[in-house]
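# Secondary and tertiary structure notes
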Amino acid sequence: MRLTKEAITELERNPYVIRSGPERITYSREFKHHFMCEYLAGKKPTEIFRAAGFDPRMIGAKRIERASARWRKEYEAGTLVLESDTLKKNA
């Protein structure tokens, strides 16, 4: 699903978006960390996006699903390190 110009404009107003275009949304590292913390606390991906000011219908369920899977994979591989993980290692 390609994003419309209106959707791109709206997305770029969100502080968690670095940039967006018709095919891609680049989320901030802060949002990825926020997402994983919320996900690990038991929240569902769509719920996390909605609470962060995103319209899930505009973004699309498939984009949310793919981003969620990608970030979980990065977290499990240790390439997406959360601040709480760093604090635990330094304690």
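Residues numbered from 1 in each chain as written. Predicted model: local features only at pLDDT ≥ 70, side-chain atom pairs only at ≥ 80, totals over all residues. Heavy atoms only, no water.

### Looking at the overall build of the protein
Counting secondary structure elements, the protein contains 6 helices and 2 strands. Each helix (α) and strand (β) of the protein, taken in turn from the N terminus, gives the series α-β-β-α-α-α-α-α. If one aligns the C-alpha atoms of the protein with their principal axes, the spans along those axes are about 45 × 20 × 20 Å. Considering the protein as a whole, with its 91 residues, one finds that 35% of them fall into the buried category. Relative to all contacts within the protein whose residues are 6 or more apart in sequence, the contacts with residues 24 or more apart total 44%. When the accessible surface of the protein is split by element, carbon and sulfur atoms take 50% of a total near 6300 Å². (Helix = DSSP H or I, 4+ residues; strand = E, 2+ residues; numbered from the N terminus. Buried < 20%, exposed > 50% of the residue type's maximum accessible area, 1.4 Å probe, protein only. Contact = heavy atoms within 4.5 Å. Areas by Shrake-Rupley, 256 points an atom, 1.4 Å probe, with all protein chains shown as cover.)

### Description of the packing of helix H2 (residues 29-40) against helix H5 (residues 61-77)
Contact geometry for H2 and H5: axes closest at 10 Å, N-to-C directions at 85°. What the angle tells us is that H2 and H5 run roughly perpendicular. When H2 is examined against H5, the residues Phe-31, Lys-32, Phe-35, Met-36, Tyr-39 and Leu-40 are found in contact with a partner set consisting of Ser-68, Trp-71, Arg-72 and Tyr-75. (Axes fitted to C-alpha atoms, helices over the stretch in contact; angles between N-to-C directions. Parallel < 35°, antiparallel > 145°, perpendicular 65-115°, else oblique.)

None of this, on its own, says anything about what the molecule does.
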